[in-house]
Amino acid sequence: MTAQTAPVNRPIPAPPNNPAPPSPPAPRRRRRKPNVFRSLSRVLIVLIVVVQVYPLAWLFLTSLRNEHDFATGDPFALPSSISFDNYLRAFQTGNLGQNILNSFIVTMGANLLIVLLGMMAAYALQVLGFRFSKFVRGLFLIGIIVPVQIALVPLFIDYSSVNLLDTYQSMIIPLAGFALPMSIYLFSSFFEYIPRETYEAASLDGAGPYRIFGLITLPLSTNTVVTVVLVNSIFIWNDFIFANTFVLSEGLKTIPLGLQNYIGAMGKVDWTATFAAVCITITPLLLVFLVLNKAMIQGLESGATKG
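About the cut-offs
- Residues numbered from 1 in each chain as written.
- Predicted model: local features only at pLDDT ≥ 70, side-chain atom pairs only at ≥ 80, totals over all residues.
- Heavy atoms only, no water.
- Helix = DSSP H or I, 4+ residues; strand = E, 2+ residues; numbered from the N terminus.
- Buried < 20%, exposed > 50% of the residue type's maximum accessible area, 1.4 Å probe, protein only.
- Contact = heavy atoms within 4.5 Å.
- Areas by Shrake-Rupley, 256 points an atom, 1.4 Å probe, with all protein chains shown as cover.
- Core = buried A, V, L, I, M, F, W, Y, C linked by side-chain atoms within 4.5 Å.
- Expected span 1.5 Å × (residues − 1).
- Arc of directions from axis to C-beta.
- Patch = residues over 30% accessible without salt bridge, like charges linked within 9 Å, V, L, I, M, F, W, Y side chains within 5 Å.
- Salt bridge = Lys/Arg side-chain N within 4 Å of Asp/Glu carboxyl O.
- Axes fitted to C-alpha atoms, helices over the stretch in contact; angles between N-to-C directions.
- Parallel < 35°, antiparallel > 145°, perpendicular 65-115°, else oblique.
- Nonpolar A, V, L, I, M, F, W, Y, C, P; charged D, E, K, R; others polar.
- Phe/Tyr/Trp six-rings, centres within 6.5 Å; stacked < 30°, edge-to-face > 60°.

A. Fine view of the overall build of the protein. In terms of regular secondary structure, the protein is built from 13 helices and 0 strands. Taken over 307 residues, the protein has a buried fraction of 33%. Within the protein, contacts between residues separated by at least 24 positions form 74% of all contacts whose residues are at least 6 apart in sequence. Total accessible area on the protein stands at roughly 20500 Å², and carbon and sulfur atoms take up 68% of it.

Written out as C-alpha cells, the structure is:
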C-alpha cells in the first residue's frame with residue numbers, strides 16, 4: 001500500500017498593493033451668462049404693471065384729497081390731507097346707489113343670456129354637430145367684426161314700435177347679442193377639448209343630449225363660464241352707448257350715465273367727488289376679478305388648447 005501524502009498548504013499570494021484611483025476633480029460651476037431676453041421681459045412686465053396700477057393708485061389717492069387742494073395744487077402730487085367727505089358728496093350729488101343697482105341688473109341679465117345661449121349654441125355646433133355646422137359657426141364669428149354703432153338707429157326704431165324704450169330689456173338684449181359671437185367661440189373651443197369618449201360613454205348608458213348637456217358639459221365648463229362672464233362684465237358694466245341711446249328716465253340710468261350728474265352749471269366738474277364715485281363703482285368689479293382670476297386664466301387656457 002502506498003502512503004498518502006499530506007496536502008501541502010501553499011501560501012495565498014497577497015493582492016497587489018495598487019493605490020485607489022484618484023477622484024476626478026469637481027467640475028467648476030460655470031457662470032450663467034446674462035440672458036438679455038429674460039432681462040428685457042422682466043423690465044417689460046414691470047413697465048406694464050406700473051402702467052396698469054399707477055392710474056388706479058392715483059385715482060384712489062385723488063379721491064381722498066379735498067377740493068381746494070386738488071384745484072390749487074399739483075393734481076399728481078400726494079394729498080396733503082386725507083378727507084372722506086368726497087365719498088359722502090358722491091352719494092349726495094348723484095343717484096349713485098340707483099345707478100349701481102341698474103348696472104348690476106343689466107350686467108347680470110346680459111350675462112345670463114350670454115351664458116345660456118352661448119353654451120347651447122356651442123353645444124349644438126361642436127358636440128351634436130349637423131350639416132353646415134361649420135358654416136353656421138363662421139356666420140356667428142363674423143359678428144365679432146360688426147360695429148355696434150350700425151345697430152343703434154334700427155334698434156331705436158324697433159324698440160319704439162314695440163314699447164321697449166327706457167327699459168332694462170332695451171340694454172340687455174343688444175349687449176347680449178353683440179357678446180354672443182366671442183362667447184360661442186370660447187365655448188366651442190372648450191367643448192372640442194372634452195374627449196369624445198366621454199359623450200359616447202354617456203350615450204351608451206342611455207343619456208340623451210339634454211342630460212349630457214346638464215350632467216357632463218355644464219359642470220365641466222365652470223372655468224369657461226367664469227371667463228365668459230368676467231370678460232363680458234367689464235364691457236357691460238362700463239357700457240355707455242346703448243344706455244345713452246335707449247334710456248330716457250333718470251331712474252334707469254347706469255353708472256356711466258350717472259357720472260354725468262357730477263357736471264354742474266357752466267360745465268363745472270366736481271372732480272374729487274367724481275373720482276370718489278368712480279372708485280366706488282369699479283371696486284366690486286375689481287374684487288370679483290381678483291377672486292376669480294385663476295378660474296378665468298384656466299378657462300382661457302383650456303379654451304385655447306384646441307381652439
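B. Structural detail: the nonpolar core. Core analysis: the biggest nonpolar cluster contains 38 residues, and Met-119, Phe-187, Phe-191 and Ile-212 have the highest contact counts within it. Where this core is concerned, the elements lending two or more residues are helix H4 (96-128), helix H6 (152-161), helix H7 (168-193), helix H8 (196-204), helix H9 (209-220), helix H10 (222-237) and helix H11 (241-246). With near-sequence residues (within four places) excluded, Met-119 lies in contact with Ile-114, Phe-187, Phe-191, Phe-213, Leu-218, Ser-221 and Val-225. If you look at the next biggest cluster of nonpolar residues, it comprises 13 residues, including Ala-273, Phe-275, Ala-277 and Ile-280.

C. Main features of H9. Here H9 spans 15 Å end to end across 12 residues, near enough to the 16 Å set by a 1.5 Å rise per residue. Among the residues making up H9, those that are buried are Ile-212, Phe-213, Ile-216 and Thr-217. For H9, the angular spread of buried residues about the axis comes to 125 degrees, placing them on one side. Facing away from the buried side of H9 by over 90 degrees, the exposed positions are Tyr-210, Arg-211 and Leu-215.

D. Structural context of a nonpolar patch on the surface. A cluster of nonpolar side chains, namely Phe-132, Phe-135, Leu-139, Ile-142, Ile-144, Ile-145, Val-146, Ile-150, Met-182 and Tyr-185, defines an oily patch on the protein surface of about 1000 Å² accessible area. Among the secondary structure elements, those contributing two or more residues to the nonpolar patch are helix H5 (133-142) and H7. With 3 residues, the single largest contributor to the nonpolar patch is H5. For Ile-144, the location among the structural elements is in the loop between H5 and H6. For Ile-144, a relative accessible area of 43% corresponds to the partly exposed category.

E. A look at the environment of Leu-113. Along the chain, Leu-113 falls in helix H4. It is 8.9 Å that separates the C-alpha atoms of Leu-113 and Leu-180, two residues lying 67 residues apart in sequence. Not counting the four nearest positions on each side in its chain, Leu-113 is found in contact with Gly-118, Ile-172 and Ala-176.

F. Region of the structure containing the pattern of salt bridges. Per the stated rule, a full pass over the model turns up 1 salt bridge. For the salt bridge of Glu-250 with Lys-253, the shortest nitrogen-to-oxygen distance reads 3.2 Å. When its relative accessible area of 18% is taken as the criterion, Lys-253 is described as buried.

G. Spotlight on the packing of H4 against H9. Orientation of H4 relative to H9, taken along the N-to-C sense of each, is 105 degrees, at an axis distance of 12 Å. The orientation of H4 with respect to H9, classified from their angle, is roughly perpendicular. Facing H4, whose interface residues are Met-119, Met-120, Tyr-123 and Leu-128, H9 presents Pro-209, Ile-212, Phe-213, Thr-217 and Leu-218. Residue classes in the contact of H4 with H9 are distributed as 8 nonpolar, 1 polar and no charged.

H. Representation of the packing of aromatic side chains. Scanning all chains against the criterion turns up 10 aromatic pairs. Between Tyr-159 and Phe-246, the ring centres sit 5.0 Å apart and the planes meet at 80 degrees, which makes this aromatic pair edge-to-face. Remark: Phe-246 occurs in helix H11 and Tyr-159 occurs in helix H6; sequence separation between them is 87 residues. Exposure class is identical for Tyr-159 and Phe-246. Each is buried. Consider the rings of Phe-190 and Tyr-193, whose centres lie 6.4 Å apart with planes at 35 degrees: the pair is tilted. Within this pair, Phe-190 and its partner Tyr-193 are both found in helix H7, separated by 3 residues, close to a single helical turn. Members of the aromatic cluster, each reached through a chain of ring pairs, are Tyr-159, Phe-178, Phe-242 and Phe-246.

I. Up close: the environment of Ala-90. Here Ala-90 shows up in helix H3 (residues 85-93). Judged by its relative accessible area of 0%, Ala-90 falls in the buried class. Measuring from C-alpha to C-alpha, the distance between Ala-90 and Asp-270 comes to 9.2 Å, with 180 residues separating the pair along the chain. Beyond its immediate chain neighbours, meaning those up to four positions away, Ala-90 contacts Leu-96, Tyr-262, Ala-273, Ala-276 and Ala-277.

J. Quick look at unusual backbone geometry. The phi dihedral of Phe-132 falls on the positive side, at around 65 degrees, and the residue is not glycine. Within the secondary structure, Phe-132 sits in the loop between H4 and H5. Owing to a relative accessible area of 56%, Phe-132 belongs among the exposed residues under this scheme. One non-glycine residue with positive phi stands out, namely Asn-163, at about 60 degrees. Tracing the chain through its elements places Asn-163 in the loop between H6 and H7.

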